[in-house]
Amino acid sequence: MPCPSSCRWFLSLVIGYTGVTMLAPRLAGAVELYVSTEDGGEIVVVDPDRPEPVARIPVGKRPRGVKLSPDGKTLYVALSGSPRAAPGVDESKLPPPDRSADGVGVVDLAARKLVRTIASGVDPESFDVSADGKTLYVSNEETAEMTVLDLATGKVARTVKVGDEPEGVTLRPDGKQVYVTSEQGNQVVAVDTKRGSVAARIATGPRPRSVAITPDGRTGFVTCENGAAVTVFDARKNKPVATIKIEPVAKTPLGPRPMGTALAPDGKLLYVSNGRGESVAVIDVAARKLARIIDGVGARPWGIGVSPDGKRVFTANGLSNDVSVIDAATGKIERRIKVGGSPWGLVVGPRP
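Predicted model only: the values in this text are computed from it and were never measured.

Glancing now at the packing of aromatic side chains. Using the criterion set out here, one finds 2 aromatic pairs in the structure. Pairing Tyr 179 with Phe 233 gives two aromatic rings, centres 5.2 Å apart and planes at 55 degrees, and the pair type is tilted. You can see Tyr 179 sitting in strand S15 (residues 177–182) and its partner Phe 233 sitting in strand S20 (residues 229–234), a full 54 residues away along the chain. Phe 233 matches Tyr 179 in its accessibility class, with the two residues each being buried.

In terms of nonpolar packing, the biggest core is built from 14 residues, with Tyr 34, Ile 43, Val 59, Leu 75, Val 77 and Val 107 touching the most fellow members. Listing elements by their share of this core, those giving two or more residues are strand S4 (42–46), strand S5 (55–58), strand S6 (66–68) and strand S7 (74–79). Among the elements that make up this core, the one with the highest residue count is S7 (3 residues). What Val 59 contacts, discounting residues up to four positions off in sequence, is Gly 41, Glu 42, Ile 43, Val 77, Leu 79, Val 107 and Leu 114.

What follows covers unusual backbone geometry. Even without a glycine there, the phi angle at Arg 288 is positive, about 55 degrees. Locating Arg 288 in the fold gives a position in the loop between strand S24 (279–284) and strand S25 (289–295). Of note, Asn 321 is a non-glycine position whose phi angle comes to about 55 degrees, a positive value. Turning to its location among the elements, Asn 321 is positioned in the loop between strand S27 (312–317) and strand S28 (322–327).

As for its position among the elements, Arg 62 is in the loop between S5 and S6. Using a relative accessible area of 13% as the deciding quantity, one classes Arg 62 as buried. Only 2.8 Å separates the side chain of Arg 62 from the backbone oxygen of Ser 82, close enough to count as a polar contact. Here Arg 62 is in contact with Glu 38, Ala 78, Leu 79, Ser 80, Ser 82, Pro 83 and Arg 84, once residues within four sequence places are set aside.

Our focus in this paragraph is the sheet that holds strand S29 (residues 333–338). Reading across the sheet, the 4 strands line up as S26-S27-S28-S29 and stay open at both edges, with antiparallel pairing between neighbours. Two strands close off the open sheet at either side, each with one partner strand: strand S26 (301–306) and S29. Within this sheet the neighbouring strands show an average axis-to-axis angle of 20 degrees, counted without direction.

Taken as a whole and assessed by the stated rule, the structure comprises 27 salt bridges. The residue Arg 236 makes a salt bridge to Asp 174 at a minimum N-O spacing of 3.3 Å. With Arg 236 in the loop between S20 and strand S21 (239–245) and Asp 174 in the loop between strand S14 (166–171) and S15, this pair connects stretches of sequence that are 62 residues apart. In this structure, Asp 322 engages Arg 336 in a salt bridge whose closest nitrogen and oxygen atoms are separated by 2.9 Å. Separated by 14 residues along the polypeptide, Asp 322 in strand S28 and Arg 336 in strand S29 bring together distant segments of the chain.

Inspection of the secondary structure puts Thr 204 in the loop between strand S17 (197–203) and strand S18 (208–213). Note on Thr 204: relative accessible area 15%, which makes it buried. Side-chain polar atoms of Thr 204 contact the backbone nitrogen of Gln 187, separated by 3.5 Å. Once residues lying within four places of it in the same chain are set aside, the contact partners of Thr 204 are Asn 186, Gln 187, Val 188, Val 222, Cys 224 and Thr 231.

A few words now on the environment of Arg 207. With respect to the secondary-structure elements, Arg 207 resides in the loop between S17 and S18. C-alpha separation for the pair Arg 207 and Gly 227, spaced 20 residues apart in sequence, amounts to 7.4 Å. There is a polar contact of 2.7 Å between the side chain of Arg 207 and the side chain of Glu 225.

Taking strand neighbours across the sheet as the criterion, the 4 strands line up as S18-S19-S20-S21 in an open arrangement whose pairing is antiparallel. Because the sheet does not close on itself, it has two edges, and the strands there are S18 and S21. Averaged over neighbouring strand pairs, the angle between their axes works out to 25 degrees when direction is ignored. Strand direction decides the pairing type here: S20 and S21, joined by 6 bridges, are antiparallel. Bridge pairing in S21 links Asp 234 to Lys 239.

Further remarks concern the confidence of the model for the protein. Low pLDDT means the predicted coordinates in that region are not meant to be read closely. For the protein, the mean per-residue pLDDT works out to 91, and 90% of the residues sit at or above 70. Here residues 1–28 is a poorly scored stretch, pLDDT under 50, and it has 105 contacts once near neighbours within four places are set aside; other chains count.

Positionally, Ala 144 belongs in the loop between strand S11 (135–140) and strand S12 (145–150). Residue Ala 144 is classed as buried on the basis of its relative accessible area, which comes to 13%. Considered as a pair, Ala 144 and Glu 167 are 23 residues apart in the sequence and their alpha carbons are 9.3 Å apart. Aside from chain neighbours lying at most four places away, what touches Ala 144 is Val 160, Lys 161, Val 162, Gly 163, Asp 164 and Pro 166.

What counts, and at which threshold
Residues numbered from 1 in each chain as written. Predicted model: local features only at pLDDT ≥ 70, side-chain atom pairs only at ≥ 80, totals over all residues. Heavy atoms only, no water. Phe/Tyr/Trp six-rings, centres within 6.5 Å; stacked < 30°, edge-to-face > 60°. Helix = DSSP H or I, 4+ residues; strand = E, 2+ residues; numbered from the N terminus. Buried < 20%, exposed > 50% of the residue type's maximum accessible area, 1.4 Å probe, protein only. Core = buried A, V, L, I, M, F, W, Y, C linked by side-chain atoms within 4.5 Å. Contact = heavy atoms within 4.5 Å. Polar contact = N/O pair within 3.5 Å; in protein donor to acceptor, adjacent residues only side chain to side chain. Pairing = 2+ DSSP bridges. Axes fitted to C-alpha atoms, helices over the stretch in contact; angles between N-to-C directions. Salt bridge = Lys/Arg side-chain N within 4 Å of Asp/Glu carboxyl O. pLDDT = per-residue confidence, 0-100.

As structure tokens, this is what we get:
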């Protein structure tokens, strides 16, 4: 059934591990979740009101970052032929990479099928899509680059050297700058999208993962995994302005490890997945402070999203191989849906 004319689409920032952009209808309504499974090689389609996944779409090796096209009809997914490895692993002892597997997969959501894979540089991990749906900005972890991909031609328009181990990628709402986290450099690199050059380097806490920008384009929030904190920066001046510590309630061996971000539809709250901290932090955007912690959401929540009515939060839990559905008001876990395959990224879209 066609979407009614009152059902308009809007962009809100969701960084699942990396920054993840979510499209959602303005009207509260039924949604589906599209979850990348890094070990499973699939996009798993989840109806949050059902106990089991509704579909599985094979896409290729190591699917991680996911985004919807502005019209909501296409899902893009980052694919990588690099062997999976934990931080600090001796890479010389890993299997050789399969560079033919690198690219961005294009999934037709109506057909639930991968229709093509676009070359997008070495080891793509995360990306963002322009508001007009014509361009992808992709982080290439192994080459310390951001690749600009023309979707009409399927060709690389340019590459930009950013910081070592780039990961999260988020466009400012005006499209004039794109922000790329550098895990090793402890910084966010601001790139001028018109010139294709670095405009600023913004210092952050250790191991920045993802970036969320407020709808007015004035304030950025960067998750810092090894700092148990979120760096706040002025997105006009590209200067850090505050640090929000993520103080745990329940004790876990590693404590909070801030990873993905998702803004509530009204922009008042920021939800942060805390990885091996097994929790979600809720940040008051205006006050720039931690409002509360939602504990026990799953093992290593990473990708994160919010329903269009703001009433539910969803997390992709990599180590428990499930997706959590959370009541945003109470923090209660409504259900956990098994998907398998080490869930990584998560994006929220309309249910067909």
